[in-house]
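Below, each chain spelled out in residue letters.
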Amino acid sequence: MEELLYISMSLEKSNYGGSIVSRANLKALQANERLQVKEIAIVREQEGSYAWELLAKSSKVQTAVNNLRGYAGKLNANIISRIKGIVKEYQPTTLYLDSSLLGCVAEWCKNAFPAIRIVTFFHNAEIDFEKDRLKSGKVYFLPSLFSTIIAEKKAVKYSDVMIALHQADSERLFQLYQRKADYCVPVCIVDEPIADEVLYNSTTVKESPFTVGFIGTAFYANTEAAKYISRKIAPAFINDNQVQFVIAGNGFEGYTAKLNKPNLKTGGFVESLDDFYQGVDVILSPISIGGGMKVKVAEALKYNKKIIASPFSLIGYEHALSSPDIISCNSLKEYITAIKKLKDLRTTASSTRVLFQQHYSDQACAEYFRIIFK
């Protein structure tokens with residue numbers, strides 16, 4: 001049996017995109033009978049869920065200082081020292097790095113233990129992600145860009161196997177570092193039983209307005225998309241009382257005054273995803289910046305929702321693009337036309353959950369990794 005040591009900075013319970021993907025990938029690897037998996041989770045608070053849990057500094061100032069010292073993400077000298085000790089003691093067959101930000105670990109391991117196979121999962125081209133954050137005005141992330149450049153170059157140089165989310169990221173890695181990914185594993189999230197009234201709620205005529213929903217944490221890519229909905233898309237339906245918009249997600253409670261319109265309501269953290277998805281007829285995702293794949297698109301597929309999205313939001317979801325329940329839009333006019341079209345088709349059942357189960361569920365993820373670790 002192959003012994004695999006999984007190292008991640010994204011295994012915390014918070015449900016942001018990266019953590020959802022990291023936990024799903026870990027579950028897929030654990031389901032592989034050929035692998036014995038142990039985990040190092042770099043966390044802000046002890047959770048008692050993993051073999052080793054290494055505490056990261058919670059101070060943003062300390063994180064910035066560590067970034068300037070060359071440690072990317074949550075890493076610091078103490079955490080790297082602990083990781084080295086664990087690797088020396090455990091002596092895994094494979095070291096799985098859940099981010100190119102762990103490039104310094106790849107470099108050390110390849111030099112200290114050449115026989116250990118190093119597999120790195122690229123959540124995106126991290127350099128592009130950091131540059132986008134700076135372009136959005138968040139200049140305090142400049143130290144993070146510095147450490148990211150160092151880490152990602154090392155991840156590419158010292159990894160035996162590189163995994164990307166999709167071919168677009170693989171091509172981008174080649175542009176940046178002259179090396180493509182060896183495999184692609186798309187965003188996959190854990191499947192679970194969902195009540196029929198949630199999955200098929202929009203297949204009956206309702207007296208309530210046709211509801212268009214956007215959901216996501218209020219980080220820069222999502223806030224820009226939300227502003228576009230508020231300033232452009234929602235106003236196009238201001239005189240149609242049969243179309244309403246909802247924006248929700250952790251942090252968006254602070255954007256109520258900026259985003260709300262007579263036909264648009266903004267809320268914060270969603271206590272029940274079942275209730276949110278049951279309350280909307282279609283998911284709207286006009287995201288145009290950021291990295292990786294949009295996890296909320298996979299989540300919408302899981303909840304059997306019809307989707308209207310930008311081509312950028314749909315990168316990595318090529319398996320789903322032939323579905324009539326998924327509409328790609330390039331302009332405001334196309335978004336308006338798509339909303340009107342799906343409103344008229346409100347009573348036609350969606351079939352997107354089938355696509356989710358085939359390509360983006362934890363069962364699909366397990367099969368992707370079986371191929372890699374065959």
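Residues numbered from 1 in each chain as written. Predicted model: local features only at pLDDT ≥ 70, side-chain atom pairs only at ≥ 80, totals over all residues. Heavy atoms only, no water.

1. Comments concerning the environment of Asn-250
Relative to the helices and strands, Asn-250 resides in the loop between β9 (243–248) and α10 (256–259). Classification of Asn-250 by relative accessible area gives partly exposed; the value is 44%. In this structure, the C-alpha to C-alpha distance between Asn-250 and Gly-216, residues 34 residues apart in sequence, is 7.1 Å. Ignoring any residue separated from it by four or fewer positions in sequence, one finds Asn-250 in contact with Gly-216, Thr-217, Ala-218, Gly-268 and Phe-269. (Helix = DSSP H or I, 4+ residues; strand = E, 2+ residues; numbered from the N terminus. Buried < 20%, exposed > 50% of the residue type's maximum accessible area, 1.4 Å probe, protein only. Contact = heavy atoms within 4.5 Å.)

2. Here's the deal with the packing of aromatic side chains
As enumerated under the stated definition, the model contains 13 aromatic pairs in all. Pairing Phe-214 with Phe-252 gives two aromatic rings, centres 6.3 Å apart and planes at 85 degrees, and the pair type is edge-to-face. Of this pair, Phe-214 sits in strand β8 (residues 210–215) while Phe-252 sits in the loop between β9 and α10, and the two are 38 residues apart along the sequence. A residue is classified by how much of its surface remains accessible, and Phe-214, at 2% relative accessible area, is buried. Here Phe-252 falls in the buried class, since its relative accessible area comes to 0%. Pairing Tyr-228 with Tyr-335 gives two aromatic rings, centres 5.9 Å apart and planes at 65 degrees, and the pair type is edge-to-face. Separated by 107 residues along the polypeptide, Tyr-228 in helix α9 (residues 220–233) and Tyr-335 in helix α13 (residues 332–344) bring together distant segments of the chain. Among the aromatic residues, those joined into a cluster by ring pairs are Tyr-6, Tyr-96 and Phe-369. In this structure, Lys-180 is placed above the aromatic ring of Phe-174, and the distance from its NZ or CZ to the ring centre is 5.7 Å. (Phe/Tyr/Trp six-rings, centres within 6.5 Å; stacked < 30°, edge-to-face > 60°. Lys NZ or Arg CZ within 6 Å of the ring centre and 35° of its normal.)

3. Here we look at unusual backbone geometry
Located in the positive-phi region is Gln-178, a residue other than glycine, with phi close to 60 degrees. Looking at the secondary structure, you find Gln-178 in the loop between α7 (167–177) and β7 (183–184). At Asn-304, a residue that is not glycine, the phi angle is positive and equals roughly 65 degrees. Looking at where Asn-304 falls in the secondary structure, it is placed in the loop between α12 (295–302) and β12 (306–309).

4. Concerning the nonpolar core
Buried together is how nonpolar side chains tend to be arranged in soluble globular proteins. By size, the foremost hydrophobic cluster in this structure holds 56 residues, and its most contacted members are Leu-29, Tyr-96, Ile-163, Val-187 and Phe-369. Take this core: its biggest share by element is six residues, from helix α15 (residues 362–372). Among residues more than four places away in sequence, those in contact with Phe-369 are Asn-25, Ala-28, Leu-29, Asn-32, Tyr-96, Ile-163 and Val-185. (Core = buried A, V, L, I, M, F, W, Y, C linked by side-chain atoms within 4.5 Å.)

5. Describing the sheet that holds strand β5 (residues 117–122)
Overall, parallel pairing links the seven strands, which are arranged β3-β2-β1-β4-β5-β6-β7 in an open sheet. The open sheet terminates on both sides in strands that have one partner only, identified here as β3 (52–55) and β7. Bridge count for strand β1 (residues 2–8) against strand β4 (residues 94–97) is four bridges, and the pairing is parallel. The residue bridging Leu-5 from the neighbouring strand is Leu-95, located in β4. Sitting on the sheet, helix α4 (residues 103–112) is in contact with β1, β4 and β5, with an inclination near 170 degrees to β4. (Pairing = 2+ DSSP bridges. Axes fitted to C-alpha atoms, helices over the stretch in contact; angles between N-to-C directions.)

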